[in-house]
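Okay, here's what each chain looks like letter by letter:
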Amino acid sequence: MSSTVSVNSSRAQQKVVLIGRPNSGKSLLFNQLTGLQQKVANFPGVTVELKSGSMKELTIVDFPGTYSLHSFSQDEQVAIDAIYQALDSDETGLIVCVLDASRLERSLVFGLQVQALAKKHNKGFVFAINMIDDALRFGHEIDVKGLSEELGSPVFALSAKTLIGISEFQQALPDLVKNNQDCIPSRVSESHDDVINRSRQLANHFGMNANVVLKQQNRIDQFLLHNWLGGLAFMTIMFLLFQSIFTWAAPLMDAVESGIGLMAGAVTSILPEGIFNDFLNDAIFGGVGSFLVFVPQIMVLTFIIGLLEDSGYLARAALICHKPLSFFGLSGRSFIPYLSGHACAIPAIMAARTIESPRKRLITMMTIPLMSCSARLPVYALLIAVFIPHQQYLGGLVNLQGMVFFCLYMMGIVTALIVSLVMNKTQFAQNDKSEMPFILELPSYRLPHWKPLMYRVLNSAKYFIKRAAPVIFMVAVVIWFLGYFPVHEGGLENSYLGFIGHYIEPVFAPLGIDWRYGVAILMSFLAREVFVGTLGTLFGIQGADENIAGLAENIQHDGLAFGAGMGLLVFYVIALQCVATVATIRAETGSHKIAWGLVAGYGALAYLMAFLVYNVLS
Amino acid sequence: MLHDTVWELPTKKVAEIVGLQSGLSDAMSNRLKEMGFCGGESIRCIKQCPFNGPKVVELGGAILSIDKEIAQNIKIKM
Ligand SMILES: Nc1nc2c(ncn2[C@@H]2O[C@H](COP(=O)(O)OP(=O)(O)OP(=O)(O)O)[C@@H](O)[C@H]2O)c(=O)[nH]1
Ligand SMILES: [Mg+2]
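Residues numbered from 1 in each chain as written. Chains lettered and ligands numbered in written order. Predicted model: local features only at pLDDT ≥ 70, side-chain atom pairs only at ≥ 80, totals over all residues. Heavy atoms only, no water.

Asks: Explain the UniProt feature "domain: FeoB-type G" (unreviewed entry) in chain A here, please?
Replies: UniProt's entry tags residues 13-179 of chain A with the feature "domain: FeoB-type G" (unreviewed entry), counted in the numbering of this structure. Taken as a whole, residues 13-179 of chain A contains 41% helix and 20% strand, while its terminal C-alpha atoms sit 15 Å from one another. (UniProt positions renumbered as here; feature names shortened; annotations may be inferred. Helix = DSSP H or I, 4+ residues; strand = E, 2+ residues; numbered from the N terminus.)

Asks: For this particular structure, what's the right way to read the coordination of the magnesium ion (ligand 2)?
Replies: Ideal coordination angles are 109.5 degrees for a metal with four donors arranged tetrahedrally and 90 or 180 degrees for a metal with six donors arranged octahedrally. Residues and elements named next belong to chain A. Around the magnesium ion (ligand 2), the protein supplies Ser27 (OG) and Thr47 (OG1) as donor atoms, at distances of 1.9 to 2.0 Å. Taken together, the residues Ser27 in helix H1 (residues 26-34) and Thr47 in the loop between H1 and strand E2 (51-55) connect sequence positions 20 residues apart. With relative accessibility at 16%, the residue Thr47 sits in the buried group. (Donors = N, O, S within 2.8 Å, 3.2 Å for Na, K, Ca; no water. Buried < 20%, exposed > 50% of the residue type's maximum accessible area, 1.4 Å probe, protein only.)

Asks: Looking at this structure, I do not really get the pairing of strand E4 (residues 55-59) of chain B. What am I missing?
Replies: If a strand is regular, its side chains alternate between the two faces of the sheet. All names here are of chain B. With respect to burial, E4 is a largely interior element, five of its five residues being buried. The alternating pattern of E4 places Lys55, Val57 and Leu59 on one face and Val56 and Glu58 on the opposite face, and all of these are buried. Sheet topology note: the strand E3 (residues 42-48)/E4 ladder contains five bridges and is antiparallel. Along E4, the bridge assignment pairs Ile43 with Leu59. Between the end of E3 and the start of E4, which pair antiparallel, lie six residues, with Phe51 showing a positive phi angle near 55°. Note that E4 and strand E5 (residues 62-66) share five bridges and pair antiparallel. Its bridge partner being in E5, Glu58 is matched across the sheet by Ile63. (Pairing = 2+ DSSP bridges.)

Asks: Could you clarify how one ought to interpret the pattern of salt bridges in this entry?
Replies: Any two side chains of opposite charge can pair, so long as their charged atoms come close to each other. All names here are of chain A. Tallied over the entire structure, the rule returns 21 salt bridges over all chains. With a shortest N-O distance of 3.9 Å, Lys145 and Glu149 are connected by a salt bridge. Here Lys145 pairs with Glu149, and both are found in helix H5 (residues 144-151), just four residues apart, close to one helical turn. The exposure class assigned to Glu149 is exposed, which follows from its relative accessible area of 57%. For the salt bridge of Arg456 with Glu309, the shortest nitrogen-to-oxygen distance reads 2.8 Å. In this pair, Arg456 sits in helix H19 (residues 450-484) while Glu309 sits in helix H12 (residues 295-311), placing the two residues 147 residues apart along the sequence. Under the relative-accessibility criterion, Arg456 is labelled partly exposed at 22%. Given a relative accessible area of 1%, Glu309 falls into the buried group. Connected via shared salt-bridge partners are Arg21, Arg103 and Glu441. (Salt bridge = Lys/Arg side-chain N within 4 Å of Asp/Glu carboxyl O.)

Asks: Would you take a moment to explain the packing of aromatic side chains for this structure?
Replies: By convention here, two paired aromatic rings are described through the distance between centres and the angle between planes. Residues and elements named next belong to chain A. Evaluated as defined, the whole model comprises 15 aromatic pairs over all chains. When the centroid spacing of 5.8 Å and the interplanar angle of 80° are considered together, the rings of Phe387 and Phe562 count as edge-to-face. Here the residue Phe387 occupies a position in helix H17 (residues 377-387), and Phe562 occupies one in helix H24 (residues 562-574), the gap between them amounting to 175 residues. When its relative accessible area of 15% is taken as the criterion, Phe387 is described as buried. Centre to centre, the rings of Phe571 and Tyr572 are 5.7 Å apart; their planes meet at 70°, and the pair counts as edge-to-face. (Phe/Tyr/Trp six-rings, centres within 6.5 Å; stacked < 30°, edge-to-face > 60°.)

Asks: Got a minute to help me understand the site of ligand 1 in this structure?
Replies: All names here are of chain A. In the vicinity of ligand 1 there are 26 residues, among which Lys26, Ser27, Gly45, Thr47 and Asp133 approach most closely. Asp310 is positioned with one of its side-chain polar atoms (N or O) 2.8 Å from an oxygen atom of ligand 1. For ligand 1, the protein covers 99% of the area, taking 660 Å² as the surface of the free molecule. The set of elements that each furnish at least two residues to the shell around ligand 1 consists of H1 and helix H4 (132-137). Counting residues per element, the shell around ligand 1 draws most heavily on H1, which supplies three residues. (Near = heavy atom within 4 Å. Polar contact = N/O pair within 3.5 Å; in protein donor to acceptor, adjacent residues only side chain to side chain. Areas by Shrake-Rupley, 256 points an atom, 1.4 Å probe, with all protein chains shown as cover.)

Asks: Which parts of the structure should I look at to understand a nonpolar patch on the surface?
Replies: Taken together, the side chains of A:Val414, A:Ile418 and A:Val422 present a nonpolar region at the surface, about 250 Å² in accessible area. With respect to the helices, strands and loops of the structure, A:Ile418 is situated in helix H18 (residues 400-425). (Patch = residues over 30% accessible without salt bridge, like charges linked within 9 Å, V, L, I, M, F, W, Y side chains within 5 Å.)

Asks: Looking at this structure, how should I read H19(A)?
Replies: Residues that lie three or four places apart on an α-helix share one face, since the helix turns once every 3.6 residues. For H19(A), spanning 35 residues, the distance from its first C-alpha to its last is 48 Å, which sits close to the expected 51 Å at 1.5 Å a residue. Largest kink in H19(A): about 35°, centred on A:Ala468, with the proline A:Pro470 one to four residues after it. (Expected span 1.5 Å × (residues − 1). Bend = angle between axes of the 7 residues up to and from the residue.)

Asks: Where do I start with the packing of helix H10 (residues 249-270) of chain A against helix H11 (residues 275-292) of chain A in this structure?
Replies: For any two helices packed against each other, the geometry comes down to the angle between their axes and how far apart the axes lie. Residues and elements named next belong to chain A. Following both chains from N to C, one finds H10 and H11 inclined at 170°, their axes separated by 10 Å at the closest point. Relative to H11, the element H10 is oriented roughly antiparallel. For the pair H10 and H11, contact is made by Val256, Ile260, Met263, Ala264, Val267 and Thr268 and by Asn277, Leu280, Asn281, Phe285, Gly289 and Leu292, respectively. Classifying every residue of the contact of H10 with H11 gives eight nonpolar, four polar and no charged. (Axes fitted to C-alpha atoms, helices over the stretch in contact; angles between N-to-C directions. Parallel < 35°, antiparallel > 145°, perpendicular 65-115°, else oblique. Contact = heavy atoms within 4.5 Å. Nonpolar A, V, L, I, M, F, W, Y, C, P; charged D, E, K, R; others polar.)

Asks: Help me out: how do you make sense of the interface of chain B and chain A in this one?
Replies: By a frequent convention, interface size equals the accessible area lost on bringing the separate parts together. With 35 residues of chain B in contact, the opposing surface of chain A contributes 35 residues. For the pair chain B and chain A, the summed buried surface comes to about 3,000 Å²; carbon and sulfur atoms form 59% of the total. Our count for the contact surface shared by chain B and chain A stands at two salt bridges. Among the ionic pairs, A:Arg200 bridges to B:Glu41, the shortest N-O distance being 3.1 Å. (Buried area = accessible area lost by both parts, 1.4 Å probe.)

Asks: Sorry, what's going on with unusual backbone geometry here?
Replies: Among all residues save glycine, negative phi is the norm, and among peptide bonds the norm is trans. All names here are of chain B. Phi is positive for Phe51, which is not a glycine, with a value near 55°. Looking at where Phe51 falls in the secondary structure, it is placed in the loop between E3 and E4. Residue Phe51 is classed as exposed on the basis of its relative accessible area of 74%. The backbone of Asn52 shows a phi angle near 55°, a positive value even though the residue is not glycine. Looking at the element boundaries, Asn52 is found in the loop between E3 and E4.

Asks: I would appreciate a short explanation of the side chain of A:His449 in the present structure.
Replies: Residues and elements named next belong to chain A. Along the chain, the position of His449 falls in the loop between strand E9 (439-442) and H19. Since its relative accessible area comes to 13%, His449 is described here as buried. Setting aside residues up to four positions removed in sequence, His449 forms contacts with Leu28, Gln32, Lys161 and Asp310.

Asks: I would appreciate a short explanation of the confidence of the model for chain B in the present structure.
Replies: All names here are of chain B. The pLDDT averaged across chain B works out to 88; a share of 97% of its residues lies at or above 70. Across chain B, the secondary-structure element scoring lowest on mean pLDDT is helix H1 (residues 26-34), at 85, and the one scoring highest is E4, at 93. As scored by the predictor, the complex reaches a pTM of 0.88 and an ipTM of 0.94. (pLDDT = per-residue confidence, 0-100.)

Asks: When you look at the nonpolar core in this model, what are you seeing that I'm missing?
Replies: Side chains of a nonpolar character, in soluble globular proteins, are inclined to be buried together. Residue and element names in this part refer to chain A. Ranked by size, the top nonpolar core spans 140 residues in total, and within it Phe335 and Phe531 carry the most contacts. Broken down by element, this core gets its largest block of residues, 11 residues, from H19. A domain-level breakdown of this core finds at least three residues from each of domain 1 (14-210) and domain 2 (225-428 + 449-618). The contact partners of Phe531, leaving out residues within four places of it in the chain, are Val379, Tyr517, Ala520, Ile521, Ser524, Leu568 and Tyr572. Within the second largest apolar cluster, 39 residues are counted, among which are Ile19, Leu99, Leu112 and Ile132. (Core = buried A, V, L, I, M, F, W, Y, C linked by side-chain atoms within 4.5 Å. Domains from an automatic or database assignment.)

Printed below as a string of structure tokens:
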């Protein structure tokens, strides 16, 4: 997952480190310098790990944003330690402190502290004032020369978004690194109070008038933070988010499905009849194909989450949710990892690092797997297509299938809240009572930057395919061989797979499903999407002679009971079936027990709930 | 003399920060100063979330959201 380019120590590449306050645009600048695509979003605390990349012969390192050199929480300490390490290291050729032109005073408070340290460690140091496009928009031009003289360090004014000043900065870097002894700060602030006073003076003299910027923000906030209008807006945004995954993606999904159908038809009609033809038809088109249909949904989901993340709204949502979430033992900051957990749990668990309180962070991490991640989408979509009629209300604005989708998402969230509440009340998390106060800087609203957004959308599809396709392919092949032999004519029941299946049948009988679904569930512990692929292959073998109808239709004809189908959905909402998530939880908590305990706990809960749902509904 | 704190500052009103309560830990008061809660700064309350939720304030060109615990530790002069 990391795009880190390892440093070749024999050639001892010089490092240029980018540090600064959270949300000052370090990662976007890093991306422009290196051509890599680190995550960029409009709220503080996006980057949580050091990331490096190369720009010609230099190595550029992107740091997590820090408000200060005096740590406040454990994870901040990790980031601050990394800064000290960079200051000590001989490999560090230059320190670039990124400032936010629209919040100069706040940026300088941190910048001046680092500058003083750079002088102490004899390191070359420059300021990069980012976001000057924002300043220019309000007609404010920064006096780079004057500021540089006052600061005693070189200053570059640039915009990582509109690329003003980027190429100049890029060209200057190698020389600055080479002659880095020339840019050791010439004057620094010694005491903490001096830093604060000088920042204020410099910002008053060189910075832009803050009121102009804030006026526009406040107008939007008046609505979005309004007591009940704001709450309504929040609900509407969340509802549209989940609804649109279904409605917007539908036409694209249909297109992919018919594309695969056409291809399957063409390929299998060219090839002679026989085992190989059957194999292609069942395992490849049936198994792998049935899961590719869901790629558009994942792209739409990523697009909307990306839009929200880059708009500046998320920090507001976190603040609106702070009080309600505190009731469950979480923080307003838990909202952002929860939301991104709907795309994928792994980055979300990492993002929980920005939650200051260790206890709240732990509870957040442990409940993120209950957010319906994109790997569940195929399972949800398939079962919904089987059981829920395609009906529309309010002229297509609301759609029944989309509503059920929304309910499944809500169910995951509600379960997470209940689990949090229970964990918060039990002994388990009580060892650390220290409550960290809640303080959150609200970023300016911005129009999302389309390029990283498009990249993210495409990348999500690529990642989804790359991650699941090989597993699904392998499972499809194995399942197909086991299900096709020893005698194809005898039907699935008489195959090796049927033989194995009868052993596991009793486990799944209480949920109202037969062994084929049982096999699919077991296989989906490799990756949830495998459920769909496995069923695709199995139904392919059974109906090898018929047309390749959609998998949903096949299941409908097969007669899966409504209660059993709903039970399956509930099972997938709750169960933790993702090896990578378990590994991430283990790494972040440092505990095998927590990680595997969650698998067992959520597995048992999922089974129990599915059992209840099946029995109530039938 | 007992000062008012930011927690008492009504919505849309402006006040001047006098300083921080003395009971705060060093780490906490340093952080608050770095975030801009210094004596002499003027602070404006933008919003008070219902049910004693966080306060949103404008301070030194930034918008910050702070909970009751922090707000009660910042002394102001209305
Ligand atoms: N208008 C404008 N926006 C920018 C500029 N640079 C970055 N941004 C936006 O600012 C936001 C924050 O950018 P990031 O690169 O994620 O900030 P960061 O400093 O890495 O933040 P952390 O990782 O949280 O420390 C994003 O929404 C960017 O699109 C710029 O030069 N101009
Ligand atoms: Mg970053």
